[in-house]
Amino acid sequence: MLKKLAAFLLACVIPTAALAGCSGNTGGEPVNFGYPIDEMPEHLDPTIADTLSERTIIANCMEGLVRSDADGNIVPGVAETINVSDDGKTYEFKLRQNAKWHVFSDENYFPEGFDNRITARDFVFALRRALDPAMACPDAERFYAIRNAEAVHTGTLTTDQLGVRASDDYTLIIELEQATQDFLSLLTLSAAMPCSEAFFNSTGGRYGLELELMMYNGPYYLSRWDRDSGSVTIVRNVDYVGENPPSANRITFTIDSDEASRYNLVSDGTYDAAVLGAAATADIGSRTRMTVERRENMVWGICINTQDEIMADQNMRLALFNALDPSALEMPDTMASQAYGVIPPSCRIGASAYRDAAGQADLISFDAEKARSFWEQAKTALEVDSVSLKLLCTKEYENQMKRLIQGCQSVFGIAVSIGLESVDEAAFQKRIADGDYQIAFAPVSAETALPSTFLKQFVSGADGNIFRYKSDIYDDLVSQALAGAGAAVIRRAESHLIQNGVMYPMYTQASSFVQAKNVSGIYLSPVDGTPSFINAQRSK
């Protein structure tokens, strides 16, 4: 039996006052906005979009079955209503019958009699593409909760066996392997955006590579993609029929990855919003011209390169972790709070903070006796009597790391020598990314609010695995988490990283989303961190 999703229906009610502001400012005149992105998008095919810049453009030009609002609530997108089975494993989406594609393309790419309605088949085709192993979709594993998704993605089954089907033009059925609390949030990701199979086929394999090789159904559409000047412009989509009409007239995205530049240009109003790190916003409290939203999306701690000849030994790693006593240190001003696990506080499960749902991870406390015991085992395995280690950090944290090392030395004596190497920020980031370190005081960050997605970056062979860690046990736990397992499994996965001597979490750090003076309504998606301009406003 299917039941209507009550919370979703409540979200459909848009207050009259909210609709009154759709012009983008209090004067009713069209308003343009500016926003910095890190790099020029290489392509805008939602299925294979990988960078935040690519996802940002797609998030504002495309709309899926649902979208997330400024408070992280799931609100209507192309779907008007959702019915869910009692066991939470079957979703029925009823689509808006007036939703259509905004055609901004050379007519040569459209087959004769092209139907510009958005139908359930557009979502079936999109999700099949996302799970097709030939597409190498970076988000594919996030959709493993869908029935047969993992088997399709690994090539065991064909894409037509995926648990997604259109029962008629405006009814989409999705069947899950198991009830998944965050499933609707996943449908806001780029890979879940609709795709017209007829138009896709007409592009001859070049879908999303040029301005004329895309169609849009979101609040804005791409009007300029200037790779030479380093800017991308999107314009209000007059064909958009969502519950909340877009408020801005035009948004220009400019390539600018320099945080100091971003800070200054938001401050003077050149940019209307930006994401900034802790260092760039240290004195932002004294700036009354900007509004600030802080997100504790980073955890700093002692990180181990597990492929290093010495640190590959688990006993050596655990000897070091048990010898650490950060309680003797003063927390740096740039940090927000003590860390209670590897997963940052910004991550959520459903409507709850992940940490509230899971509790703290299994941490390692200072224990000199245990440290020396693990060291004795490491000596045997490594066939050594002493080792020389090197800890890498930025110059900013040199003094704290010196004191931390001194505490370790008092546990091991001269048998374990730990040197310190401090470098500037640029050199530090390159060394970490290249795996050119042994031990480091470094951060791990969450671009999304999904803890399973955060943990995925550390599975064996992943590009973001700064630890170079390989573990079938950890990989299996993350696979379970991606397939919809709850907080208990996710907690086991993050605790595995700690208890196996991969990362020793110490502090959390916040990044800041800032909006310029008189600007409001721009917000970051809690799922993938993309900015939304659908409610962007500027007051006089």
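Quick caveat: nothing in here was measured; it's all calculated off a predicted structure.

Visitor: Which residues make up the overall build of the chain, and what values do they have?
Guide: Within the chain one finds 16 helices and 24 strands. For 540 residues, the compact-globule estimate of 2.2 N^0.38 gives 24 Å, and the C-alpha radius of gyration of the chain, at 25 Å, lies within 12% of that figure. For the chain, the spread of C-alpha atoms along the three principal axes comes to 80 × 55 × 40 Å. Burial status across the chain gives 54% buried among its 540 residues. Counting only carbon and sulfur atoms, one obtains 46% of the accessible surface of the chain, whose full area is about 22,400 Å². Here the chain contributes 45 positive and 71 negative side-chain charges, whose respective centroids are spaced 3 Å apart.

Visitor: How would you sum up the packing of aromatic side chains? Please name residues and give values.
Guide: In this structure the tally under the stated criterion is 16 aromatic pairs. With a centroid separation of 6.2 Å and 75 degrees between ring planes, the pair formed by Tyr35 and Phe253 is classed as edge-to-face. Placement of the pair is Tyr35 in strand 2 (residues 32–37) and Phe253 in strand 11 (residues 250–255), with a sequence separation of 218 residues. By relative accessible area, Phe253 is classed as buried at 0%. Between the NZ or CZ atom of Arg227 and the centre of the ring of Trp225, over which it lies, the distance is 4.0 Å. One Lys or Arg, Arg538, reaches over the ring of Phe33 and ends 4.6 Å from the middle of that ring.

Visitor: So what's going on with helix 4 (residues 120–131)? Which residues, and what values?
Guide: Taking 1.5 Å per residue as the helical rise, helix 4 with its 12 residues ought to reach 16 Å, and the 17 Å between its terminal C-alpha atoms agrees with that figure. In terms of burial, helix 4 is a largely internal element, 10 of the 12 residues being buried. For helix 4, the set of buried residues is Ala120, Asp122, Phe123, Val124, Phe125, Ala126, Leu127, Arg129, Ala130 and Leu131. On its buried face, helix 4 is in contact with strand 6 (90–95), helix 5 (149–153), strand 7 (164–168), strand 8 (171–175) and helix 7 (197–202).

Visitor: Go over the pattern of salt bridges, please, and point to the residues and values.
Guide: Proximity of charged atoms lets side chains of opposite charge pair with each other. Summed over the entire model, instances satisfying the criterion amount to 23 salt bridges. Between Asp169 and Arg117 there is a salt bridge, with the nearest N and O atoms lying 3.3 Å from each other. In this pair, Asp169 is assigned in the loop between strand 7 and strand 8 and Arg117 in the loop between strand 6 and helix 4, connecting sequence segments 52 residues apart. Linking Glu376 and Lys379 is a salt bridge whose minimum nitrogen-to-oxygen distance equals 3.4 Å. Pair noted here: Glu376 and Lys379 are both in helix 11 (residues 368–382), with a separation of three residues, about one helical turn. With relative accessibility at 43%, the residue Glu376 sits in the partly exposed group. One network of salt bridges, in which partners are shared, links Asp115, Arg117, Arg121 and Asp169.

Quick notes on the rules
Residues numbered from 1 in each chain as written. Predicted model: local features only at pLDDT ≥ 70, side-chain atom pairs only at ≥ 80, totals over all residues. Heavy atoms only, no water. Helix = DSSP H or I, 4+ residues; strand = E, 2+ residues; numbered from the N terminus. Rg over C-alpha atoms; globule rule 2.2 N^0.38 Å. Buried < 20%, exposed > 50% of the residue type's maximum accessible area, 1.4 Å probe, protein only. Areas by Shrake-Rupley, 256 points an atom, 1.4 Å probe, with all protein chains shown as cover. Lys, Arg positive; Asp, Glu negative; His and termini not counted. Charge placed at Lys NZ, Arg CZ, Asp CG, Glu CD. Phe/Tyr/Trp six-rings, centres within 6.5 Å; stacked < 30°, edge-to-face > 60°. Lys NZ or Arg CZ within 6 Å of the ring centre and 35° of its normal. Expected span 1.5 Å × (residues − 1). Contact = heavy atoms within 4.5 Å. Salt bridge = Lys/Arg side-chain N within 4 Å of Asp/Glu carboxyl O.

This is a description of form; function is not addressed.
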